[in-house]
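# Inside the fold
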Amino acid sequence: MTSPKDFNDRMLSLGLARVSEAAAHASARLIGRGDEKAADQAAVNAMRDQLNMLDIKGVVVIGEGERDEAPMLFIGEEVGTGQGPAVDIALDPLEGTTLTAKDMPNALTVIAMAPRGTLLHAPDVYMEKLAIGPGYPKDVVSLDMTPSERVRALAKAGGVKDSDITVCILERPRHEDLVAEVRSTGAAIRLITDGDVAGVIHCAEAELTGIDMYMGSGGAPEGVLAASALKCMGGQMWGKLLFRNDDERGRAAKAGITDLDRIYSRDEMVTADVIFAATGVTNGSIVAGVKREPHYLQTETILMRSKTGSVRRMIYRNPIR
């Protein structure tokens, strides 16, 4: 396992940004073309090519799926040159394939890196998620609370009315009761169609996004990516894996998870320092989308390091040859 001393996050961070930028460039050609699979595949190919240029002994722990489901960037795939530190990689080459295909906001390319053995190997199942931004007392809200209790507790901690709270929720039929209960408190809801990594990140920039809390269930792999971002930006997050059948419980066992009812805190999903990069594909509230000019492509990337708490926004102009 790579020790924190061996994990030179400062040197690796710019390389990670190049990985997310390459995936955004590749998928940008498919924006609005209605082909989700082609957009995702383009991002996967570009991300893998760039990862294999990095001097790391990388293993994909959050990726495109099991080995038999994904030909590239599958869980357990080794990436990098094989030289350098041993690291865990969590990635979503295109978070928001539907958003990209339909040219809708907030499609991102997302990747996180941490020392080997420090990112939760979350199986491809649902996870119940709860997240808030920085500045609140520890454990002011919890997954054991009802949705309305969470709203009231957060409002009280922030010295505001329940109606001043805005909650971000993924718009799905399974969340109808959750939406109704949150609205019963007088709180506002920002519904998003896809992209719950971005939804969680919104909590960490409440002054920009107006979102105070994220609630609801979504993919567990995306939960680990979101926890990586919050570890860099500040904020609290909890996740609990949800299982619908024996096949999903078997996936958890394969990932080494034995306590199926465990609630994971942010720092239990990401147990060491992490670096995180996300590049906009379509325009969004976190970063701008790829901008195509006559002779160049322009992207915006957010690059973060939990060790220093630094959040860097970078504009990259790449000539079209």
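Keep in mind that what you see is a predicted model, and the values were worked out from it rather than measured. (Residues numbered from 1 in each chain as written. Predicted model: local features only at pLDDT ≥ 70, side-chain atom pairs only at ≥ 80, totals over all residues. Heavy atoms only, no water.)

### Remarks on the overall build of the protein
Using the following cut-off: Helix numbering and strand numbering both begin at the N terminus, where a helix is a DSSP run of H or I of at least 4 residues and a strand a DSSP run of E of at least 2. The size measure is the radius of gyration over C-alpha atoms, and the globule rule it meets is 2.2 Å times the number of residues to the 0.38 power. Whether two residues are in contact is decided by their heavy atoms: any pair within 4.5 Å suffices. Here, Shrake-Rupley sampling with a 1.4 Å probe gives the accessible areas, and only protein chains in the shown set may cover a residue. The charge count includes Lys and Arg as positive and Asp and Glu as negative, but it does not include His or the ends of the chains. One atom stands in for each charge, and that atom is NZ of Lys, CZ of Arg, CG of Asp or CD of Glu.
When helices and strands are counted, the protein shows ten helices and 14 strands. For 321 residues, the compact-globule formula gives about 20 Å, and the C-alpha radius of gyration of the protein, at 19 Å, lands near that figure. Seen through its C-alpha atoms, the protein measures out along the principal axes to roughly 55 × 45 × 40 Å. For the protein, contacts bridging at least 24 residues in sequence account for 69% of all contacts bridging at least 6. For the protein, the exposed area adds up to about 13900 Å²; of that, 46% sits on carbon and sulfur atoms. Of the side-chain charges in the protein, 37 are positive and 45 negative, and the distance between the mean point of each set is 5 Å.

### Thoughts on the sheet that holds strand β8 (residues 213–219)
Put simply, the test is: Being paired, for any two strands, means DSSP has found at least two bridges between them. Every axis corresponds to a line fitted to the C-alpha atoms, with the helix fit spanning only the stretch in contact, and the corresponding angles, defined between N-to-C directions, vary from 0 to 180 degrees.
Spatially, β7-β6-β8-β5-β9-β10 is the arrangement adopted by the six strands of the open sheet, whose pairing is mixed. Across the chains shown, the open sheet's two edge strands, defined by having one partner strand only, are β7 (188–192) and β10 (263–265). Neighbouring strand axes in the sheet, compared pairwise and without regard to direction, differ in orientation by 20° on average. Contacts from helix α6 (residues 196–204) reach β5 (126–132), β6 (166–170), β7, β8 and β9 (236–242), with the element oriented near 160° to β8.

### A closer look at the environment of K156
Note the cut-off: Each residue gets one of three labels from its accessible area relative to the maximum for its type: buried under 20%, exposed over 50%, partly exposed in between, using a 1.4 Å probe on protein chains only.
Locating K156 in the fold gives a position in helix α4 (residues 147–158). Given a relative accessible area of 73%, K156 falls into the exposed group. When the C-alpha atoms of K156 and V140 are compared, they prove to be 9.5 Å apart, with 16 residues separating the residues in sequence.

### Notes on the state of the cysteines
Where we set the bar: Here, a disulfide means two cysteine sulfur atoms that sit within 2.5 Å of each other.
Here the structure, examined in full by the defined rule, presents zero disulfides. Take C203: it sits in no disulfide, and the sulfur closest to it among the cysteines is that of C168, at 6.8 Å. Summary of cysteine pairing: C232 is not part of a disulfide, and the nearest cysteine sulfur, belonging to C203, is at 15 Å.

### Overview of the packing of aromatic side chains
Spelled out, the test is: In summary, the pairing rule links any two rings of Phe, Tyr or Trp, Trp by its six-membered ring, whose centres are within 6.5 Å, and it sorts them by plane angle into stacked for under 30 degrees, edge-to-face for over 60 and tilted for everything else. In this scheme, the term charge over a ring applies when either NZ of a lysine or CZ of an arginine sits within 6 Å of the ring centre and within 35 degrees of the ring normal.
Considering all chains together, one arrives at zero aromatic pairs under this definition. Geometry around Y126 places R174 over its ring, the cationic atom sitting 4.4 Å from the centre. R317 extends its terminal NZ or CZ atom over the ring of Y296, reaching a point 3.8 Å from the ring centre.

### Comments concerning the UniProt feature "binding site: Mn(2+) 1" (unreviewed entry) in the protein
Under the convention used in this document: UniProt positions are given in the numbering used here, feature names are shortened, and annotations may be inferred rather than shown by experiment.
As recorded in UniProt, the feature "binding site: Mn(2+) 1" (unreviewed entry) lies at D40 and E64. Spatially, the listed residues are clustered: although they cover 25 residues, their C-alpha atoms lie within 9.8 Å of one another. By the secondary structure assignment, D40 is in helix α2 (residues 36–51). Residue contacts for D40: discarding those within four places in its chain leaves E64, L94 and T97. With respect to the helices, strands and loops of the structure, E64 is situated in the loop between β1 (57–62) and β2 (78–79). Given a relative accessible area of 26%, E64 falls into the partly exposed group. Those residues in contact with E64 that sit more than four places away from it in its chain are D40, V44, A70, M72, L73, D92 and P93.

### Some points on the side chain of H175
The residue H175 is located in the loop between β6 and α5 (176–184) in this model. On the accessibility criterion, H175 (4% relative accessible area) is buried. Other than its neighbours up to four places away in sequence, H175 contacts I169, L170, G216 and S217.

### Observations concerning the nonpolar core
Here is the rule we go by: To qualify as a nonpolar core, a set must consist of buried Ala, Val, Leu, Ile, Met, Phe, Trp, Tyr and Cys residues joined through side-chain atoms within 4.5 Å. As used throughout, domain bounds are those supplied by an automatic or database domain assignment.
Counting residues in each nonpolar core, the largest one holds 49 residues, and the members touching the most others are Y214, M237, L241, M269 and F276. The leading source of residues in this core is helix α8 (residues 220–233), at nine residues. Two domains each donate at least three residues to this core, and these are domain 1 (4–119 + 274–319) and domain 2 (126–269). Core analysis: the next-biggest nonpolar cluster, separate from the first, contains 40 residues, A22, L30, L54 and M72 among them.

### Considering the environment of G199
Position of G199 among the secondary structure elements: in helix α6. Residues G199 and I169 lie 30 residues apart in sequence; the distance between their C-alpha atoms is 7.7 Å. Not counting residues within four places of it along the chain, the set of residues in contact with G199 comprises C168, I192 and Y214.

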